[in-house]
Amino acid sequence: MFLIPFCCHAGGTDSMEQICKSLTLNQWAFLEHFYSTVCTTTWLCDNRAPFHLTKDVNGFEQVVLWNPRGASARVNLNGGQVISWRNHRGEELLFNSSKANFKVPKTVRGGISACFPQFGKCDALDQHGFARKRMWKIDENPPPMRLNDSRGKSYVDLMLKPAEEDLKYWPHSFEFRLQVSLALDGNLSLVSRIRNINGKPFNFSFAYHTYLSVSDISEVRIEGLETLDYLDNLCKRERFTEQGDAITFESEVDRVYLSSAPCVAVLDHEKKRTYVVRKEGLPDVVLWNPWDKKSKAMADFGDSDYKQMLCLDGAAIETGVTLKPGEEWTGQVELAAIPSSFCTDNIHPRLKLF
């Protein structure tokens, strides 16, 4: 049993998943106790993120996170993009398009991308910014994070600095640190810290572009955005107020909900699963599903893929973020997948997020 936690570093998550599925309940109880004592102490003293560095089928570097209960996540260094998040049963919780391009420098259509320094399309910058198209580096010695509890977490710290090409179109120097972590309970967290190392202030917009996997978009509803104002991108960003008790889907949706609560829930009736998205430093929420017509117009998106996905993004868009020289901004999201399909009244007390 003492070999199980350490074999994961050398053997990768494929062997880990096989081992996890073969364990008895008594073995799991021992393993969880082991991780909460010996392994956790080792990680904290070592001050390094426990992860496995591997390469995908195209030879590009990828970080694999795992926990002792069998959950896992994969992060591409290209784009700093989370492309997979699986629960302890091996079920994929993030959507990736059936026509996704996994080759550099393309951004994978799916997963979770950090969109910076803009979300959407304007000026000379690429749509959703350049951060998701750059090669990130593993940050071996990141500064400590505020109230960061690393006990039982598998995590990796990434770093991005502007390339010369970026400075031509967006002439501001910055340090972008991104931590992706997988908790013992399987929750997935992303924490972004952006510091202005420029000589003058700059403003940016930001979003965690998050593709959630759902059974059937027509069987999904959203709670937590009721009565909010939103900008409708299908109506030239005209401002409306949400009238429904919950949001359901019957056609294309492309909206930015403004000044939302910290917690939003996605209820999937068919799978009897609820995604809970908790956010800090991100006042807005982007909601997007392209429906059938737009799906057919996208080269990297399957004609019927829209039925199995929903984008719900924690974001800072309406006013953006302004940083003075030397200032740092933090924006974070935590995603939980709960085996439930009912209203969110009893969800909040169960989650110990952030």
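This one's a predicted model, so the numbers in the text were calculated from it and none came from an experiment. (Residues numbered from 1 in each chain as written. Predicted model: local features only at pLDDT ≥ 70, side-chain atom pairs only at ≥ 80, totals over all residues. Heavy atoms only, no water.)

The pairing of strands in a sheet happens through backbone hydrogen bonds and is either parallel or antiparallel. A sheet is described by the order of its strands in space; here eight strands give the open sequence β6-β7-β8-β9-β19-β16-β15-β11, paired in antiparallel fashion. The open sheet is flanked by β6 (137–138) and β11 (220–223), the only strands paired with a single partner. Bridge count between β6 and strand β7 (residues 154–160): two bridges; the pairing is antiparallel. Bridging across to β7, Lys137 finds its partner in Met159. (Pairing = 2+ DSSP bridges. Helix = DSSP H or I, 4+ residues; strand = E, 2+ residues; numbered from the N terminus.)

So, about the nonpolar core. Judged by nonpolar contacts, the single largest core of 69 residues is most densely connected at Phe176, Phe204, Phe206, Ile222, Phe249 and Leu287. With seven residues, strand β18 (residues 309–323) is the largest single contributor of residues to this core. (Core = buried A, V, L, I, M, F, W, Y, C linked by side-chain atoms within 4.5 Å. Buried < 20%, exposed > 50% of the residue type's maximum accessible area, 1.4 Å probe, protein only.)

In this section: unusual backbone geometry. Put simply, Phe116 and Pro117 share a cis peptide bond, and its omega is 5°. Following the sequence through the fold, Pro117 ends up in the loop between β5 (112–115) and β6. One non-glycine residue, Lys236, lies in the positive phi region at around 55°. In this structure, Lys236 sits in the loop between β12 (229–232) and β13 (238–241). Residue classification places Lys236 among the exposed residues on the basis of a relative accessible area of 83%. Despite not being glycine, Trp291 shows a phi value in the positive range, around 60°. Examined against the element boundaries, Trp291 turns out to sit in helix α4 (residues 291–297). Residue classification places Trp291 among the buried residues on the basis of a relative accessible area of 15%.

What follows is about empty space enclosed by the protein. Counted according to the given criterion, the structure contains two cavities of 30 Å³ or more. The volume enclosed by the second largest cavity comes to roughly 30 Å³. Forming the walls of the second largest cavity are Tyr208, Thr210, Val277, Leu312, Gly314, Val333 and Leu335. Counting only elements with at least two residues in the lining of the second largest cavity, the list comes to β10 (202–213), β18 and β19 (328–338). For the lining of the second largest cavity, the class distribution of residues is five nonpolar, two polar and no charged. (1 Å grid on protein atoms, 1.4 Å probe; cavity = no way out; pocket = protein on both sides within 12 Å on 5 of 7 lines; lining within 4 Å. Points joined across faces, edges and corners; volume = space filled by probe spheres on them. Nonpolar A, V, L, I, M, F, W, Y, C, P; charged D, E, K, R; others polar.)

The next point concerns the packing of aromatic side chains. Inspection of the entire model under this criterion finds 22 aromatic pairs. Taking the centre distance of 6.1 Å and the plane angle of 55° together, the rings of Phe176 and Phe206 count as tilted. Here Phe176, found in strand β8 (residues 174–182), pairs with Phe206, found in strand β10; they are 30 residues apart in sequence, far enough to count as distant. Note on Phe176: relative accessible area 0%, which makes it buried. Three or more aromatic residues joined by ring pairs form one cluster here, namely Phe116, Phe130, Trp136, Trp170, Phe174, Phe176, Phe202, Phe204, Phe206, Tyr208 and Trp329. (Phe/Tyr/Trp six-rings, centres within 6.5 Å; stacked < 30°, edge-to-face > 60°.)

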